[in-house]
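Okay, here's what each chain looks like letter by letter:
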Amino acid sequence: MESAVENSSQNTVGFPFSDDAKMSIRQCDVFYGDKQAIFDVNLDIGNNEVLAMIGPSGCGKSTFLRCLNRMNDTIDICRVEGSLKLEDTDIYSPDLDVVPLRARVGMVFQKPNPFPKSIYDNVAYGPRIHGLVSRRAELDEVVESSLQKAGLWNEVKDRLDESGTGLSGGQQQRLCIARTIAVNPEVILMDEPCSALDPIATAKIEELITNLSENYTIAIVTHSMQQAARVSNRTAYFHMGKLIEVNDTEKVFTNPTHDLTEAYITGRFG
Amino acid sequence: MTRPDTQSEQMQENTEVPSEKRRLVDDIRFQKRLEKRYRAEKRFRLYGLLSIGFGLLCLVLLFTDIIGKGHSAFLQTEVALDIHFDADYLQIDDINDSQQLNRANFDGLIKRSWRANFPEVKSRSDKRLLYKISSNGSGFQIKDLLIAHPEWLGTTQTLWLIADDDVDVYYKAKNKGISYQGVLSDKSLNWLNALVEENRIELSFNSTFFSAGDSREPEQAGIKGAMVGSLFTLLVTLALSFPIGVAAAIYLEEYAPNNRWTDLIEVNINNLAAVPSIIFGLLGLAIFINFFELPRSIPLVGGLVLTLMTLPTIIISSRAAIKAVPPSIREAALGIGASKMQVILHHVLPLAMPGMLTGTIIGMAQALGETAPLLMIGMVAFIVDIPGGATDPSTVLPVQIFLWADSPERAFVERTSAAIMVLLAFLIVMNTLAVLLRKRLERRW
Amino acid sequence: MDTSNLLVALCLLFAASFLVGRARSVSLAEQKGGVRNLNSLPFYHGVLMSLWCAVPSLVLTLVWLLFDDQIIEALVLADIPPSGVDVNLMMNTIENIAAGNFLGLEPEPQMLAAAERFKSLQSISQMCMSAAVLGLGTLGSLWILKSISLEFGARVKVENAFRIILLACSCLAILTTIGIVLSVVFESLRFFKAIPVQEFLFGLQWSPQTAIRPDQVGGSGAFGAVPLFAGTMLISLIAMIVAVPVGLMAAIYLSEYASARFRTYVKPMIEVLAGIPTVVYGFFAALTVAPFIRDTGTILGFSPSSESALAAGLVMGVMIIPFVSSLSDDVINAVPQSLRDGSLGLGATQSETIRQVVIPAALPGIVSGVLLAASRAIGETMIVVMAAGLAAKLTANPLESVTTVTVQIVTLLVGDQEFDSPKTLAAFALGLTLFAITLGLNFIAQRVVKKYREQYD
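So, here's what we can say about the structure. Bear in mind the structure is a predicted one, so any value in this text is a computation, not a measurement. Each residue is numbered by its place in its chain's sequence as written, counting from 1. Chains carry letters and ligands carry numbers; both start at the beginning, A for chains and 1 for ligands, and go up in the order they are written. Where local features are concerned, this predicted model is filtered to residues with pLDDT of at least 70; where side-chain atom pairs are given and counted, the filter is 80 or more; whole-chain, interface and lining totals use all residues. Heavy atoms throughout the structure, all of them, feed into the side-chain values; hydrogens and water do not.

1. Some points on the packing of helix H12 (residues 260-274) of chain B against helix H5 (residues 154-194) of chain C
Under the convention used in this document: Simply put, an axis is a line fit to the C-alpha atoms, just over the touching stretch for a helix, and the angle between two N-to-C directions goes from 0 to 180 degrees. Helix and strand assignments follow DSSP, with helices taken as H or I runs no shorter than four residues and strands as E runs no shorter than two, numbered in order from the N terminus. Relative orientations are named as follows: roughly parallel for angles under 35 degrees, roughly antiparallel for angles over 145 degrees, roughly perpendicular for angles from 65 to 115 degrees, and oblique for any other angle. Here is the rule for handedness: rotate from the far helix to the near one, and if that takes an anticlockwise turn smaller than a right angle the crossing is left-handed, while a clockwise turn gives right-handed. The contact criterion used is simple: two residues touch if any of their non-hydrogen atoms lie within 4.5 Å. Put simply, Ala, Val, Leu, Ile, Met, Phe, Trp, Tyr, Cys and Pro go in the nonpolar bin, Asp, Glu, Lys and Arg in the charged bin, and everything else, Gly too, in the polar bin.
At a minimum axis distance of 9 Å, the contact between H12(B) and H5(C) shows a crossing angle of 60°. When the interaxial angle is binned, H12(B) and H5(C) end up oblique. In the crossing of H12(B) with H5(C), the sense of the turn from one axis to the other is left-handed. In contact with B:Trp261, B:Leu264, B:Ile265, B:Asn268, B:Ile269 and B:Leu272 of H12(B), H5(C) contributes C:Leu167, C:Ser170, C:Cys171, C:Ala173, C:Ile174, C:Thr176, C:Thr177 and C:Ile180. For the contact of H12(B) with H5(C), the per-class residue count stands at 10 nonpolar, four polar and no charged.

In structure tokens, the structure reads:
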């Protein structure tokens, strides 16, 4: 068989676009200083779907994900070009306010990062700063419902005043998910959320993702192909900063179109 | 709950979204709150900038004040007088005979010259005022000049004498064009104006400031004694604290086992770094002066006290420098078969030396500015002579500043500020040296 | 020979021992076929010999010099029958006579004889010391010379000695602490024999006079230190009110908002404030700030003293700004970026992130830094000596003049007081209090950090 490199074409294969797109990205390039990290990505993330982004280490998945809620703004040398839209709003327009954007597009990070506050205050933080609720009783409701949706309520309902950092790794990550849900986002971005967790905690979170997808649009970067296969509807394969293939998950893992994709999922490189 | 009917709302209805979901950006309350939050953000940032501005403003104020007060001290008013070195009057026939020189009445010679210059001054009280225009140390000044120029004996020379501090204040005010509020009477002012017209009064570089020791008269006072005292004290401090500090740092980093005794040493070092300096003064007083009966006010004792104070600084920075040496170098040396002492002396120490020197320079700079502990061990005496060694009574520059700050004469305010300028100049040089050394070090690995 | 000549002679002796030791080992080795047969390099043999020469002789010199004066004094005074005159005064007179200062008085024959004895004892002591020291040094070197052989493990011994010397230097820190504690406690105990502890700690009157003569009127003093504590607290409080907000906000701006260039230029400039000697601050406070406050206050209708607590406190606050700023800067930078990311990701503004996430996370370190800065303020001497007053007043009005613990320590000791009067001993009692308070604050600061600091991996 011809080597994967020779048969690589410059265009993305598969179905990168969708009719009911929550977020649409066109001709996206990302630079770190002079080095280009992401090359001409064109992709839609469909409404209420779970899109998995897979690819070898260092291929730019996390960089790309962080563009979607403008977290790359915190890195001085990072420059994003192209058109990125959340429904019909250009999120990189110069007069766009980043603060409400991040309330609409939430993020869960690789390593759980609960604030050194109580569990209650961790979840209540978002609603408080955005002023989403006006009374304490409403806040209690929001906290409870977020923790329920994150599947953590039963475990912590008696110790909401304890510090969030005292929980186990899996519980901390679910707390971070609850925290993100509490501000009522439309999209949840997840950057390898289970890579720091043990298999049982991972299973719980994967179950959570499936439940959440009924109400939220989810984009998840993952190192584990099995995880992508378990939780996602569509999968996007990135390779060295380029988007190679996007397709329904089943198709990507059983019958990939592009040679590079096949090479990756069959384990020829990792 | 009514919702604005937008396209996205219709889309959301299609997918049966729970009713509590609402588009945040469309909510007026959210927008208003957002504006408030951004205003708070701007205010917060402004507070930060203002705080920095306040700190820098204080710095600028301090420097401007000191320089403003002190820069004029580097110039000194002098008056020109025709002095006839009358050998008979002075009773000197052999210029090399120091006894004759010591007994000669140079003050009288000056008074004679004043009378000659202002023959119209008759009354005794007026004459006293006239004599006061030149400093009462002028006698020594012309004696020294005569010794330097023995051929002047018997001739008349026009010599520039240092003026009294009241005259100095007046003349400097006159030069700057500001009004004079001082103690000089109108008579004196008239004579001074006469001198101005004859070009017999001028400002020149104040070399006395750098060549003389302390004095009761401001115009004769200088910082040389204090500077030499500081030098000796710092030398003693350096000679003691650097080796001991480096030795202690080496022990703690390379040899110390992980036991209670080592913890105790470390706790002690950290505590001593935070003890107020005056406590070290008490220690010096009780132990060095009272118990060991060392003499007060000598740089040796001052150096001992400052050593104890500077040791924690040097130990802490030397430890950091030693820690920064990569373990790979140590392992390579040990691999060749070097003993532990050899690894330290031949490899670790040379590499850590720049860092240690940086810390030492900073420690010395701190020691140079210390006043309180030296007050305790007695360096507050009024010492006129320049000290010749570490066991001669002396004072240090910061203590000299402290002593002068109490003097009410305006001329002392000027000189105190100038002394501060000299002290700050030394400190700036030392700290710049340390920073340059650190920069050079950073390019190492 | 006098001390400096002795030291020169000793140095020559050390150098000689080194050379002899080294030469001996080399010569021994060459008889048996070369230097490589030696257990240790000739260098180490030389060093060992000179160590055994140097250390005993230097120690003996030190001990001799430290104690000879007292022994000579005791011997001289033993010969003089007690005459009711103070011992120190007598000794002073004897020393003056021996040095040739007769002070215009006609010395008694007893005193003259004592002075002669004093001089002769001094020269005997000097001679004996030189002989003993040089002798001991030589003995030490010879002892090692005897042991030099091919198998002699000089290097190991030198390394051990090296380690012990290093250990001794480290223990100096402990010795210093012990010295401080002993000296301060010892003298304070003598003070507390004369003045009860309760009066010192709780008394409200501070006017330290003691009778010079037993029959002097108005000689009784009050040694209640509460006004001093109050004054110290007032001035330190003013200083902290200035320094903590300014320092903290400056640290926040520098670490969270400032560009790298801004930081590289501005941070050192703030640090300069810490490098300025306190005597300069005192001068500035006394000659510029205090008159300014007095004049402004008078215009506004108050009547501030010309040595107001406000002046000293303000300037002290400015001096402490870099302490707070630098310590806070370190702890704020230590807060991991992931916490900030978590907050920003939720849509918080930067100031909200700082106020609600970063500062609470850094709080133990900040509190510890504030406590350390307070300890610095309380122990500060020169600014208050020059700008604050001497009158012990119990007041909370910053426009009045108060005095502090450190000012009183200086005032009590910088004078011609004999060492034993309660007046000077009071200074040590004050020193003990100061030491205890600052040590306590430092201890609490360290405990706060240890107990509350989150461990971020």
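2. Some details on the interface of chain C and chain B
We apply this condition: Buried area: the sum, over both parts, of the accessible surface (1.4 Å probe) that disappears when the two are put together. Any pair of N or O atoms that falls within 3.5 Å is considered a polar contact. Within protein, one atom must be able to donate a hydrogen and the other to accept it, and sequence-neighbouring residues count only if both atoms are side-chain atoms.
Listed as interface residues are 80 residues of chain C and, on the opposing side, 75 residues of chain B. Roughly 6900 Å² is buried in total at the junction of chain C and chain B, and carbon and sulfur atoms are behind 77% of that figure. Remark: the boundary between chain C and chain B carries 11 residue pairs in polar contact (both at pLDDT 80 or more). Looking at the side of chain C that touches chain B element by element, the count peaks at 19 residues for H5(C). Split by residue class, the side of chain C that touches chain B holds 53 nonpolar, 20 polar and seven charged.

3. Examining the interface of chain A and chain C
We apply this condition: By definition, a salt bridge exists where a carboxyl oxygen of Asp or Glu is found within 4 Å of a side-chain nitrogen of Lys or Arg.
Of the residues lining the interface, 24 residues belong to chain A; the matching set on chain C comes to 19 residues. Summed over both sides, the interface between chain A and chain C buries roughly 1700 Å², with carbon and sulfur atoms accounting for 60% of that surface. Of all residues in chain A, A:Pro116, A:Tyr125 and A:Ile129 bury the most surface against chain C, accounting for 30% of the area lost on that side. Counting across the interface, chain A meets chain C through one salt bridge. One salt bridge connects A:Arg66 with C:Asp341, and the closest N-O pair in it is separated by 3.9 Å. Linking chain A to chain C there are five residue pairs in polar contact (both at pLDDT 80 or more). Of all the elements in the fold, those that place two or more residues in the side of chain A that touches chain C are helix H2 (98-104), strand S7 (105-108), helix H3 (119-130) and helix H6 (169-181) of chain A. Looking at the side of chain A that touches chain C residue by residue, the classes come out as 12 nonpolar, seven polar and five charged.

Note that every value here comes from positions in space, so none of it alone points to a role or purpose.
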